[in-house]
Amino acid sequence: MGGDFNSHHRHWNCSRANPFGKHLFKFTTDNRLHIAAPPTPTRFGNLTPSIIDIALIKNLNFNCNAVSISALTSDHNPALFTFDHTIHTNIKLTYNISNWAKFYIHLDNATYTPHNLNTPDGLESSISHLTNIIHSCYHATSKKILKTAKISHFSKEIRNKITTMNHLRKSHHPHDKNNYTLLNNEIKQLIKHEKNKIWNNHLNSLSTNDNSLWNTIKSIRKQTHIIPPHKNNNLLFYSNIDKANTLASHYENQFTPNNITNIPTETLANSTIKPSLAITNLRCLLPSLFLLRSPRKGTTPYYSILVVPSIGIYIKK
């Protein structure tokens, strides 16, 4: 159900919330309704532009694309809601099996020599080099297993028609242009029926024993959350690019280093820490010292570096 609800709320990209919007948002939350709204304003009045033309969706959890169209001279823009009925499934064809006992041996035999740990670039380079050593040990003790999966393709009839349509598209003869249009419409209908057939076969193959039924329901019922518009310098930003730019500029200003240079303190710190960083031929610690438990099957252990100025470098999980 869609229309002009005259309700404002930040959940559907409004700059503020009014009582109608609060009641509507509570109603949709209590009744598990999904609100679809365009990312840009649908009404332009004397005050701030607002988004009040929205749609309420129930038990139709396909991806909905809402667009505000600037096509009329009215203060309200038409809102177009389109639904994507395509089911996107990610099929994992390979997975890794790791021999963690061999991984510990490879990591124990690996040697590592850090350089220039007293500079940020040197520390980053040393961490990157150590990470590459860990990854190389992991790949050397892991192997990929091919997982068979059924991938649906179009029938031979549709592929032949697509080939014929491509040949007609390159022709400049008027008769071929008409045949191209007719064949294009026919192919669209065939593809639509083919997708429906694939979807019906997928539904018939669902079962509660292998959790395929619940995974499919979860993927369909998963709702997307709309990020409210960002306000910066008394301006509202609705598009994703503008929101990302405002966040980037905010964090850039927030984390700009302050000029608190103190030369005597830095000189004392360098003279104290720098001699202890002159380490050569540092060897990785035994994995048994920092791997307190075996990682889960199919996962990669993660490590962090702890720098102790008076001792050296320790590898810590």
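Residues numbered from 1 in each chain as written. Predicted model: local features only at pLDDT ≥ 70, side-chain atom pairs only at ≥ 80, totals over all residues. Heavy atoms only, no water.

(A) Highlighting the packing of aromatic side chains. Under the criterion given, the structure shown has four aromatic pairs. By the ring-pair criterion, three or more aromatic residues cluster together here, those being Trp100, Phe103, Tyr104 and Tyr138. (Phe/Tyr/Trp six-rings, centres within 6.5 Å; stacked < 30°, edge-to-face > 60°.)

(B) Representation of the packing of helix 4 (residues 156-169) against helix 5 (residues 174-204). At a minimum axis distance of 9 Å, the contact between helix 4 and helix 5 shows a crossing angle of 155 degrees. Here helix 4 lies roughly antiparallel to helix 5, going by the angle between them. When the axes of helix 4 and helix 5 are compared, the crossing they make is left-handed. Along the contact surface, helix 4 presents Glu157, Ile158, Lys161, Ile162, Thr164, Met165, Leu168 and Arg169, while helix 5 presents Asp176, Lys177, Asn179, Tyr180, Leu183, Asn184, Glu186, Ile187, Leu190, Ile191 and Glu194. Split by residue class, the contact of helix 4 with helix 5 holds nine nonpolar, three polar and seven charged. (Axes fitted to C-alpha atoms, helices over the stretch in contact; angles between N-to-C directions. Helix = DSSP H or I, 4+ residues; strand = E, 2+ residues; numbered from the N terminus. Parallel < 35°, antiparallel > 145°, perpendicular 65-115°, else oblique. Left-handed = near helix turned anticlockwise from the far one by under 90°. Contact = heavy atoms within 4.5 Å. Nonpolar A, V, L, I, M, F, W, Y, C, P; charged D, E, K, R; others polar.)

(C) A nonpolar patch on the surface, seen in detail. Judged by side-chain polarity, Val67, Ile69 and Leu80 come together as a nonpolar surface patch covering roughly 210 Å² of accessible area. One can find Ile69 in the loop between strand 4 (63-68) and strand 5 (79-84). (Patch = residues over 30% accessible without salt bridge, like charges linked within 9 Å, V, L, I, M, F, W, Y side chains within 5 Å. Areas by Shrake-Rupley, 256 points an atom, 1.4 Å probe, with all protein chains shown as cover. Salt bridge = Lys/Arg side-chain N within 4 Å of Asp/Glu carboxyl O.)

(D) Unusual backbone geometry, seen in detail. Its identity as a non-glycine residue notwithstanding, Asn6 has a phi of 55 degrees, on the positive side. Within the secondary structure, Asn6 is located in the loop between strand 1 (2-4) and helix 1 (19-30). Asn6 sits in the partly exposed class, given a relative accessible area of 44%. Phi is positive for Asn211, which is not a glycine, with a value near 65 degrees. Mapped onto the secondary structure, Asn211 falls in the loop between helix 5 and helix 6 (212-221). (Buried < 20%, exposed > 50% of the residue type's maximum accessible area, 1.4 Å probe, protein only.)

(E) Just the sheet that holds strand 1, in detail. Here three strands make up an open sheet; going across it, the order is 1-3-2 and the pairing antiparallel. Across the chains shown, the open sheet's two edge strands, defined by having one partner strand only, are strand 1 and strand 2 (34-36). Strand-to-strand twist across the sheet, computed as the mean angle between neighbouring axes with direction ignored, equals 30 degrees. The pairing of strand 2 with strand 3 (residues 53-57) spans three bridges and is antiparallel. Across the sheet, the residue bridging to Ile35 is Leu56, located in strand 3. (Pairing = 2+ DSSP bridges.)

(F) Structural context of the pairing of strand 3. Counting buried positions along strand 3 yields five of five residues, so the element is predominantly enclosed. Burial along strand 3 is two-sided: the face carrying Asp53, Ala55 and Ile57 and the face carrying Ile54 and Leu56 are both buried. Note that strand 1 and strand 3 share three bridges and pair antiparallel. Opposite Gly2, over in strand 3, you have Ala55 as the bridge partner.

(G) View of the nonpolar core. The biggest cluster of nonpolar side chains holds 10 residues, and these are Trp100, Phe103, Leu107, Ala110, Tyr112, Leu130, Ile133, Ile134, Cys137 and Tyr138. Taken together, the elements giving at least two residues each to this core come down to helix 2 (100-109) and helix 3 (120-140). If one sorts the elements of this core by residue count, helix 3 sits on top with five residues. Core analysis: the next-biggest nonpolar cluster, separate from the first, contains nine residues, Trp12, Leu24, Ala37 and Leu56 among them. (Core = buried A, V, L, I, M, F, W, Y, C linked by side-chain atoms within 4.5 Å.)

(H) Just the pattern of salt bridges, in detail. Throughout the structure, instances matching the rule amount to two salt bridges. Close ionic contact of Lys161 with Glu186 constitutes a salt bridge, the shortest N to O distance being 3.2 Å. With Lys161 in helix 4 and Glu186 in helix 5, this residue pair connects regions lying 25 residues apart in the sequence. Among the residues examined, Glu186 registers a relative accessible area of 35% and is labelled partly exposed.

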